[in-house]
Amino acid sequence: MPKNPKLKSILIIGSGPIIIGQACEFDYSGSQALRSLREEGIETILINSNPATIMTDPKMADHVYLLPLNTKSIVKILKEHPQIDAVLPTMGGQTALNLCIEADEKGIWEDFGVEIIGVNIDAINITEDREKFRELMLEIGVGMAPQATATSFLKGKEIAQEFGFPLCIRASFTLGGAGAAIVYDEKEFDEALTRGLEVSPIHEVMIDKAMMGWKEYELELLRDKNDNVVIICTIENMDPMGIHTGDSITVAPAMTLSDTTFQKMRDMAIKMMRSIGDFAGGCNVQFAVSPDEKEEIIAIEINPRVSRSSALASKATGYPIAKIAAKLAIGYHLDELQNQITKSTSALFEPTLDYVIVKIPRWNFDKFEGSDRTLGLQMKAVGEVMGIGRSFQEALHKATQSLEIKRNGLGADGKGYKNYDQIIDKLTNASWDRVFVIYDAIQMGIPLSRIHEITKIDMWFLRQYEELYQLEKEISTYTIDTIERDLLLEAKQKGYGDRQIAHMLNCLESQVYNKREELNINRVYKLVDTCAAEFEAKTPYYYSTFENEVETADGKRYADNESIVTDKKKIIVLGSGPNRIGQGIEFDYCCVHGVLAAAECGYETIMINCNPETVSTDFDTADKLYFEPVFWEHIYDIIRHEKPEGVIVQLGGQTALKLAEKLSKYGIKIIGTSYEALDLAEDRGSFSKLLKENNIPYPKFDTAETAEEALKVADKLDFPILVRPSYVLGGQGMKIVINKKELEEHVVDLLRSIPNNKLLLDHYLDGAIEAEADAICDGENVYIIGIMEHIEPCGIHSGDSNATLPPFNLGDLVMQQIKDHTKKIALALNTVGLINIQFAVKDDTVYIIEANPRASRTVPFIAKAYGEPYVNYATKVMLGEKKVTDFEFNPKLDGYAIKQPVFSFNKFPNVNKKLGPEMKSTGESILFIDSLKDDEFYDLYARRKMYLSK
């Protein structure tokens with residue numbers, strides 16, 4: 001049956017600010033759904049309060065409402081758009097589902113005659129109400145762990161007595177495992193039970209017998225109205241049960257599952273999906289399998305919506321789940337839709353993978369001092385990376401190289417742990433860096449059987465690790481001159497980076513690179529085509545690998561490269577890698593706009609990124625997508641293959657910016673602001689000299705490389721002093737110290753965690769007002785796109801401050817200084833493109849805190865507030881296509897827009913929640929107010945005082 005002709009206007013609910021447990025994967029699925037519906041000529045109305053995402057871009061939907069996600073906003077929209085026929089709540093994570101249920105309970109959908117599509121409320125209720133779900137599973141013959149529901153403390157205690165420890169406690173109707181815990185004794189149980197009952201909106205917890213050490217699997221399914229079901233992807237968690245899937249290393253396709261068990265699991269998943277309700281769309285099912293010959297399967301849970309895993313599965317297979325799910329929600333059947341990759345086969349097919357993908361989460365524990373760094377049922381990761389390779393080992397290496405935590409891959413970088421007790425502890429209490437520690441354990445000689453006994457990670461994975469270590473040992477017996485071609489090729493096929501091989505051979509990375517060239521061991525690029533090359537694919541979505549050469553009948557030798565280079569002029573945009581605190585989805589927004597603007601200027605666009613959750617890694621955002629680590633070796637090979645006009649680094653946050661020096665050294669053109677200018681802004685000494693020459697005030701400062709030097713500097717500067725390392729993002733390691741003891745402690749601590757760093761010490765302007773400006777500069781003209789005043793005082797990181805656009809109480813004299821300084825600095829740095837400058841205002845003097853000649857966190861916020869495509873303009877300026885004076889700027893904003901930070905402290909109950917110069921927020925929302933008399937503004941401003949104490 002084709003689409004339902006009655007559906008002409010659809011409301012989509014977004015997922016709001018990014019928090020741990022619900023991140024930009026829903027921006028990706030929501031953006032896909034919006035495009036999918038618009039292709040069908042359906043009017044789209046979107047509600048989402050997140051200003052940093054592509055999803056809330058005015059181009060994405062016919063009407064975008066940046067409003068708080070509550071029923072009051074829903075009613076406002078439905079009154080303004082009485083033509084809305086249906087609501088699609090499955091694209092916005094748990095937030096959207098919860099809001100949809102609340103509106104349903106209040107009778108709002110019924111009052112306005114709005115149909116719920118893509119899922120039915122009964123299905124949501126059954127999957128969220130763990131007691132009902134359990135009964136249903138037993139009814140259809142699907143096994144589950146022994147479990148029971150408690151709605152009171154007493155009932156919980158009774159259940160614990162009956163089941164015995166260890167137990168697993170999960171709160172009903174929560175997200176990212178909030179309120180979930182594994183407990184081993186009575187004291188832990190009492191605490192977890194109390195917290196779970198508090199966290200659950202219906203004050204209910206499910207208590208399960210913990211299936212510790214069982215293997216965990218996820219299946220991604222799609223179903224249409226005709227009851228056709230396809231299984232898009234099977235994902236295996238390398239980490240066994242007991243660690244939240246969002247914190248687990250996951251692998252696709254499943255590696256250690258026997259075919260019989262896989263078939264049983266498929267049948268169970270399909271049965272479960274059909275039993276929970278009559279709906280068309282996506283579904284994620286999680287299973288546990290006993291780690292013995294019996295391979296007993298039990299169901300863990302089912303989510304009748306797109307999820308974090310479906311974004312991963314979409315990128316892993318090239319099958320755009322959200323896009324297809326949106327079409328199924330409006331009535332299409334799978335066999336009526338086209339496979340988006342081959343464009344010639346039907347969407348009613350199951351993808352086949354002739355490669356392996358490995359996802360590794362990215363954590364930010366350093367932002368939460370005192371946090372519990374062990375992994376468990378409650379998700380703690382802030383982002384993730386994905387590596388694609390021809391083998392598990394290659395994909396694992398590429399994923400570890402993508403993490404950006406100063407590691408070059410597994411082992412072979414001299415950074416592993418060497419202490420036996422520490423290694424055993426990190427394996428026993430699942431640590432965030434366990435992926436590396438397993439290698440260290442093998443290197444130390446700890447037997448695989450012991451590692452398996454502690455971690456319960458399947459022996460197959462451990463043997464893969466062992467093979468890598470054996471290879472490292474073998475290579476280490478050679479030198480760069482004696483290593484054989486086959487051995488070097490094997491190391492590259494298993495994903496070892498040139499830097500790691502250089503470490504093994506005791507030589508330079510460039511020597512390994514030259515040796516590869518000489519022996520003709522070059523990267524080739526393969527298509528992600530969903531069908532293992534059985535049909536021709538039209539989608540330019542690539543990953544790299546190394547292949548043995550084949551010889552044709554006429555004696556030609558070659559390795560097959562599927563990435564065909566065109567003769568068009570090309571631009572490469574470097575993405576921002578995994579999300580983390582300080583560098584989030586706002587850079588994905590900037591990269592997507594950069595790609596679209598370059599395409600408008602007639603360039604072939606090439607995107608390089610490794611984050612599976614984002615729109616920039618969608619296979620049809622750029623003309624070509626290389627799903628590769630944003631890691632020098634990978635980038636350089638792509639550049640040599642594609643020969644672009646240049647590379648855009650200023651849209652991908654600090655990740656891309658850090659590669660500017662290498663690009664410049666290798667003679668590769670940086671589009672926009674030059675490396676010299678970028679470096680000048682980062683180098684505090686040179687930058688201050690530039691400010692001095694231009695007669696611009698800045699706080700007194702000095703630099704130090706040892707604790708001794710820092711103490712001498714303190715005598716000149718006066719306390720309080722702001723201490724920070726250079727070249728870091730999100731205020732990492734920044735602290736305000738008020739005496740020599742604190743200064744010494746912090747400096748010693750910093751130099752231990754970031755060795756050889758130059759530290760900057762500034763006199764901290766106590767009680768100053770902080771402001772910031774973003775501007776576009778073409779080298780001659782400067783246009784300030786927005787000036788924001790922070791409600792919190794200077795000293796709270798700008799990412800954690802409520803930023804008000806336009807400023808609310810800076811006088812004309814101060815505003816003029818901000819404008820003058822911004823223009824002077826932008827021109828003095830020879831900025832071409834975007835620049836962000838931060839100011840401290842004290843006694844009517846404007847001091848410069850720092851300048852970043854790149855896209856910043858606030859650019860998407862200003863673009864949404866004023867309704868102007870600033871990144872598009874800035875990219876055209878970078879490309880030299882336009883001057884700033886060629887644009888007609890017409891910002892529209894009635895009243896004020898406030899960028900409000902959102903925190904995920906609830907994941908770290910014992911952490912100090914005090915804000916300071918180091919950024920801690922995971923996301924943001926936008927609030928529009930008509931005047932400063934607004935209650936919400938008054939509340940925010942009243943809180944300013946609490947920050948003014950030291």
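(A) Quick peek at the overall build of the protein. Check the secondary structure of the protein and you find 31 helices and 36 strands. Here the C-alpha radius of gyration of the protein, 28 Å, is about what a compact globule of 950 residues would show, namely 30 Å. C-alpha extents for the protein along the principal axes are approximately 75 × 75 × 60 Å. Within the protein, the proportion of its 950 residues that are buried is 65%. Within the protein, contacts between residues separated by at least 24 positions form 70% of all contacts whose residues are at least 6 apart in sequence. Summed over all atoms, the accessible surface of the protein reaches about 34600 Å², with 48% contributed by carbon and sulfur.

(B) Structural detail: the packing of helix α19 (residues 509–519) against helix α21 (residues 632–642). The interhelical angle for the contact between α19 and α21, taken along N-to-C directions, is 40°, at an axis separation of 13 Å. By the angle between their directions, the pair α19 and α21 is classed as oblique. α19 and α21 meet at a crossing whose hand is right-handed. Contacts between α19 and α21 pair E509, Y513, R516 and E517 from the former with W632, E633, Y636, D637 and R640 from the latter. A per-class count over the contact of α19 with α21 returns 3 nonpolar, no polar and 6 charged.

(C) The arrangement of the pattern of salt bridges in detail. Applying the stated criterion to the full structure yields 50 salt bridges. Close ionic contact of R266 with E350 constitutes a salt bridge, the shortest N to O distance being 2.7 Å. Of this pair, R266 sits in helix α9 (residues 259–275) while E350 sits in the loop between α11 (321–329) and β15 (356–362); the two residues are 84 residues apart in sequence, bridging distant segments of the chain. Given a relative accessible area of 28%, E350 falls into the partly exposed group. Residues E633 and K492 are paired through a salt bridge, measuring 2.6 Å at the closest nitrogen-oxygen approach. With a gap of 141 residues between them, E633 in helix α21 and K492 in helix α17 (residues 485–493) connect regions that are remote in the sequence. A relative accessible area of 1% means that K492 is categorised as buried. Here the residues in one salt-bridge network are R35, E39, E40, K323, K327, D618 and D620, joined through shared partners.

(D) Representation of the sheet that holds strand β26 (residues 701–704) in the model. An order of β26-β29-β27-β28 is seen for the 4 strands of this open sheet, with the pairing classed as antiparallel. The sheet terminates laterally at β26 and β28 (735–737), the two strands that pair on one side only. Each neighbouring strand pair of the sheet contributes to a mean axis angle of 25°, computed without reference to strand direction. Relative to β28, strand β27 (residues 721–725) is paired through 3 bridges, and the arrangement is antiparallel. For I721, the partnering residue across the bridge sits in β28 and is V737.

(E) Inspection of the packing of helix α20 (residues 586–600) against helix α30 (residues 870–878) at higher detail. As a packed pair, α20 and α30 sit with axes 8 Å apart at the nearest point and diverge in direction by 55°. It follows from the interaxial angle that α20 and α30 lie oblique. For the crossing formed where α20 meets α30, the hand is right-handed. Of the residues in α30, those touching α20 at Y589, C590, H593, G594, A597, A598 and E600 are V871, N872, T875 and K876. Residues of the contact of α20 with α30, tallied by class, amount to 5 nonpolar, 4 polar and 2 charged.

(F) Up close: a negative patch on the surface. Taken together, the side chains of D104, E105, E110 and D111 present a region of like negative charge at the surface. Elements that contribute at least two residues to the negative patch include exactly α3 (93–105) and α4 (108–111). You can call E110 exposed: its relative accessible area is 72%.

(G) Spatial organisation of the sheet that holds strand β17 (residues 524–527). One open sheet holds the 7 strands; their spatial order is β17-β18-β23-β22-β21-β24-β25, and the pairing between them is mixed. This sheet does not close on itself; its edge strands, each paired only once, are β17 and β25 (670–671). Both strand β21 (residues 570–574) and strand β24 (residues 646–648) contribute to a ladder of 3 bridges, which runs parallel. Along β24, the bridge assignment pairs V573 with I648.

(H) The pairing of β17, seen in detail. The alternating pattern of β17 places V524 and K526 on one face and Y525 and L527 on the opposite face, and all of these are buried. Here β17 runs beside strand β18 (residues 541–545); their pairing, made up of 4 bridges, is antiparallel. In the sheet register, L527 faces β18, and the bridge partner there is Y542.

(I) Seen up close, the packing of aromatic side chains. Counted under the stated rule, the structure contains 27 aromatic pairs. Feature note: the residues F365, F368, F903, F905 and F908 constitute an aromatic cluster, connected by ring pairs. Directly above the ring of F436 sits R407, whose terminal nitrogen or CZ lies 4.4 Å from the centroid.

(J) Structural context of helix α2 (residues 71–80). For α2, the full list of buried residues reads T71, S73, I74, I77 and L78. What you see down the axis of α2 is that its buried residues fit within an arc of 155°, all on one side. Exposed side of α2, more than 90 degrees from the buried face: K72 and K79 are the residues found there. Against β1 (9–13), β2 (43–47), β3 (63–65), α3 and α4 lie the buried residues of α2.

(K) Highlighting the side chain of K215. Within the secondary structure layout, K215 lies in strand β10 (residues 215–223). Residue classification places K215 among the buried residues on the basis of a relative accessible area of 10%. At 3.0 Å, the side chain of K215 forms a polar contact with the side chain of T256. Beyond its immediate chain neighbours, meaning those up to four positions away, K215 contacts E236, M241, T256, F287, A288, V289, P291 and D458.

(L) Broad picture of helix α8 (residues 186–199). The first and last C-alpha atoms of α8 sit 20 Å apart over 14 residues, in line with the 20 Å expected at 1.5 Å per residue. The set of residues buried in α8 consists of F189, A192, L193, G196 and L197. Along α8, the residues classed as buried sweep out an arc of 130° about the axis, all on the same side. Residues K187 and E198 are exposed on α8 and point more than 90 degrees away from its buried face. Elements that come into contact with the buried residues of α8 comprise β6 (147–150), α7 (153–163), β7 (167–171), β8 (181–183) and β9 (205–209). The distance from a side-chain oxygen at the start of α8 to the backbone nitrogen of K187 is 3.3 Å, and the residue carrying that oxygen is D185.

(M) Structural view of the nonpolar core. If you look at the biggest cluster of nonpolar residues, it comprises 177 residues, and the most contacted ones within it are I10, L88, Y319, L574 and V649. Discounting residues that sit within four places of it in the chain, L88 has contacts with I10, L11, I12, I13, A33, L37, I117, G118, A326 and A329. L67, V87, L97 and V142 belong to the second-largest nonpolar core, a separate cluster that totals 53 residues.

How each quantity is defined
- Residues numbered from 1 in each chain as written.
- Predicted model: local features only at pLDDT ≥ 70, side-chain atom pairs only at ≥ 80, totals over all residues.
- Heavy atoms only, no water.
- Helix = DSSP H or I, 4+ residues; strand = E, 2+ residues; numbered from the N terminus.
- Rg over C-alpha atoms; globule rule 2.2 N^0.38 Å.
- Buried < 20%, exposed > 50% of the residue type's maximum accessible area, 1.4 Å probe, protein only.
- Contact = heavy atoms within 4.5 Å.
- Areas by Shrake-Rupley, 256 points an atom, 1.4 Å probe, with all protein chains shown as cover.
- Axes fitted to C-alpha atoms, helices over the stretch in contact; angles between N-to-C directions.
- Parallel < 35°, antiparallel > 145°, perpendicular 65-115°, else oblique.
- Left-handed = near helix turned anticlockwise from the far one by under 90°.
- Nonpolar A, V, L, I, M, F, W, Y, C, P; charged D, E, K, R; others polar.
- Salt bridge = Lys/Arg side-chain N within 4 Å of Asp/Glu carboxyl O.
- Pairing = 2+ DSSP bridges.
- Patch = residues over 30% accessible without salt bridge, like charges linked within 9 Å, V, L, I, M, F, W, Y side chains within 5 Å.
- Lys, Arg positive; Asp, Glu negative; His and termini not counted.
- Charge placed at Lys NZ, Arg CZ, Asp CG, Glu CD.
- Phe/Tyr/Trp six-rings, centres within 6.5 Å; stacked < 30°, edge-to-face > 60°.
- Lys NZ or Arg CZ within 6 Å of the ring centre and 35° of its normal.
- Arc of directions from axis to C-beta.
- Polar contact = N/O pair within 3.5 Å; in protein donor to acceptor, adjacent residues only side chain to side chain.
- Expected span 1.5 Å × (residues − 1).
- Core = buried A, V, L, I, M, F, W, Y, C linked by side-chain atoms within 4.5 Å.

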